[in-house]
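A structural walkthrough
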Amino acid sequence: MEKRGGFSTKIGVLMATVGSAVGLGNIWRFPYETGRNGGAAFLLVYLVCIFIIGFPVVMAEFVIGRRAKANPVGAFKKLAPNTKWHWVGYMGVLAGLLILGYYSVVAGWTMEYIFKALSLELENKSAADYTSMFETFTSNPILPIIWTTLVMIMSHLIVKKGIKGGIEKASRIMMPLLFLLMLILAVHSILLPGSIKGIEFFFNPDFSKLTAESVLTALGHAFFSLSLGMGCLITYSSYFKSNIDLPKTAVQVTLIDTLVAVTAGVIIFPTVFAFNMQPEAGPGLVYMVLPNVFQQMPGSFIWSTMFYILLFLAALTSLMSLHEVVTSYIHERYSISRLNSSRLVTGLVLFLGVFCSWSFGIMKNVTLLSMNFFEWLEYLTASVLLPLGGMLISIFVAWYLDKKIVFDELSNDGKVKVKGFKIYIFILRYVAPLCIFAVFVTSLVK
Ligand code: TRP
């Protein structure tokens with residue numbers, strides 16, 4: 001087999017990992033799940049999940065990945081030979097494929113919106129116009145699928161080249177730019193008259209709105225946003241060099257990811273309330289709401305174009321990371337070339353993507369237990385497979401793996417100081433798995 005590639009610089013590692021974490025999850029999914037689940041109380045639970053459960057599991061995936069230097073299935077096989085642990089890897093690869101199915105569709109929407117912005121279609125309209133514009137577009141049986149195909153081809157072109165070639169460089173420029181632009185938008189949004197109701201919705205918790213199911217959603221979204229629970233970070237860290245400080249990288253990724261999500265909320269909710277829209281609007285929220293802020297800004301079409309381009313790029317760096325997981329598994333397991341593995345993944349994803357896209361049009365009412373295909377994929381991955389994967393990964397590192405291995409990886413063989421190692425193992429052993437289990441059981445009983 002050819003030599004495994006890898007990231008070349010520290011900043012490249014950080015930006016690529018942040019590139020994987022920051023994506024549609026932060027800017028598209030987080031606001032609409034917060035909107036659907038009552039606002040501030042959901043935010044609070046989400047933050048607790050990120051820092052108490054998500055962050056320790058990020059480090060756990062890093063430990064597994066850099067130690068084993070393989071795709072998720074191969075990594076478990078190496079570290080736990082002759083056990084069933086590699087099934088956690090299979091579960092992850094499956095989850096990756098399913099997430100790609102709907103993620104690619106929503107990433108495709110951003111491309112349509114780049115062109116809508118460029119052709120001045122987003123100018124001088126009412127809030128109701130933006131809503132119907134979104135619905136007309138997503139219910140079209142062909143157009144969104146064309147965009148999905150284009151997005152997957154781009155992801156394919158990057159992934160087939162390996163790690164260093166495109167992923168690193170692209171992420172280094174795009175991520176800081178996205179963040180800057182979001183800050184500007186957040187200020188504009190807060191200055192809208194009537195924005196205070198949105199700020200209240202986002203920051204003033206009303207716990208009566210919190211259900212067991214929304215706690216599971218918050219937990220699942222914490223995993224989704226950190227790219228956690230399916231071996232994505234195992235795969236990325238398998239390309240880290242031995243001098244990368246794993247705890248430090250985990251802290252940085254977690255903080256940046258959270259900051260971007262909160263900023264997205266600060267942009268969206270004041271606007272929602274300033275224009276009398278519904279925070280429960282669901283997956284269309286960002287596409288229907290943001291044009292309202294853009295058109296208030298001088299030089300509006302420049303802002304909106306730039307925003308959708310950056311959103312697209314953020315989506316692409318996340319898409320790549322998912323694409324990479326499934327590709328590296330097929331490539332390393334079946335000795336199929338990287339190129340053909342990536343092609344195979346692209347094909348499978350497009351197949352799923354068609355049904356996801358139609359879930360907004362001709363297949364909207366094809367439901368099982370009142371969820372359509374898109375909603376099923378989302379639920380199955382974010383609310384079931386990712387938390388389950390995260391629970392098993394923390395159990396694996398804390399109970400199965402030799403603690404010396406864990407310590408050596410976190411400290412780069414004793415070269416960097418590690419504080420709170422015992423507490424860390426305690427959290428991974430008991431707190432994280434039990435919390436995930438409790439949330440599962442409560443919401444299943446419901
Ligand atoms: N974290 C990304 C986002 O917020 C999506 C993503 C990329 C992901 N890789 C993942 C989600 C792996 C779960 C698992 O948009």
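Above this text you will find the structure in question.
Below you will find a few notes about this structure. (Residues numbered from 1 in each chain as written. Predicted model: local features only at pLDDT ≥ 70, side-chain atom pairs only at ≥ 80, totals over all residues. Heavy atoms only, no water.)

1. Observations regarding the side chain of Arg-66
- Relative to the helices and strands, Arg-66 is located in helix H3 (residues 40-68).
- For Arg-66, the side chain forms a polar contact with the main-chain oxygen of Ser-242, separated by 3.4 Å. (Helix = DSSP H or I, 4+ residues; strand = E, 2+ residues; numbered from the N terminus. Polar contact = N/O pair within 3.5 Å; in protein donor to acceptor, adjacent residues only side chain to side chain.)

2. Let's talk about the site of the ligand
- Lining the immediate surroundings of the ligand are 18 residues, of which Ala-21, Gly-25, Tyr-103, Phe-224 and Ser-227 lie closest.
- Backbone polar atom of Ala-21 to an oxygen atom of the ligand: 2.8 Å apart, as the coordinates give it.
- Residue Ser-321 places a side-chain N or O atom 3.3 Å away from a nitrogen atom belonging to the ligand.
- Relative to its free-state accessible area of 360 Å², the ligand is covered by the protein chains to the extent of 100%.
- Its residues placed into classes, the shell around the ligand shows 10 nonpolar, 8 polar and no charged. (Near = heavy atom within 4 Å. Areas by Shrake-Rupley, 256 points an atom, 1.4 Å probe, with all protein chains shown as cover. Nonpolar A, V, L, I, M, F, W, Y, C, P; charged D, E, K, R; others polar.)

3. Thoughts on unusual backbone geometry
- In this structure, Asn-124 is a non-glycine residue whose phi angle is positive, near 50 degrees.
- Note that Asn-124 resides in the loop between helix H5 (86-118) and helix H6 (127-139).
- Since its relative accessible area comes to 70%, Asn-124 is described here as exposed. (Buried < 20%, exposed > 50% of the residue type's maximum accessible area, 1.4 Å probe, protein only.)

4. What about the packing of helix H9 (residues 196-203) against helix H12 (residues 246-274)?
- As a packed pair, H9 and H12 sit with axes 7 Å apart at the nearest point and diverge in direction by 135 degrees. Classified by the angle their axes make, H9 and H12 are oblique. You can see that H9 and H12 cross each other, and the crossing is right-handed. Every residue of H12 that contacts H9 at Lys-197, Gly-198, Ile-199, Phe-201, Phe-202 and Phe-203 is listed here: Val-262, Gly-265, Val-266, Phe-269, Pro-270 and Phe-273. (Axes fitted to C-alpha atoms, helices over the stretch in contact; angles between N-to-C directions. Parallel < 35°, antiparallel > 145°, perpendicular 65-115°, else oblique. Left-handed = near helix turned anticlockwise from the far one by under 90°. Contact = heavy atoms within 4.5 Å.)

5. Observations regarding the packing of helix H10 (residues 212-225) against helix H16 (residues 373-400)
- At a closest axis distance of 8 Å, the pairing of H10 and H16 adopts a crossing angle of 65 degrees. Judged by the angle between their axes, H10 and H16 are roughly perpendicular. In the packing of H10 onto H16, the handedness of the crossing is left-handed. Within the contact between the two elements, H10 uses Leu-216, Leu-219, Gly-220, Phe-223 and Phe-224 and H16 uses Ala-382, Ser-383, Leu-386, Pro-387 and Gly-390.
- Partitioned by chemical class, the residues of the contact of H10 with H16 number 7 nonpolar, 3 polar and no charged.

Functional significance is not addressed by these values, which are geometric in nature.
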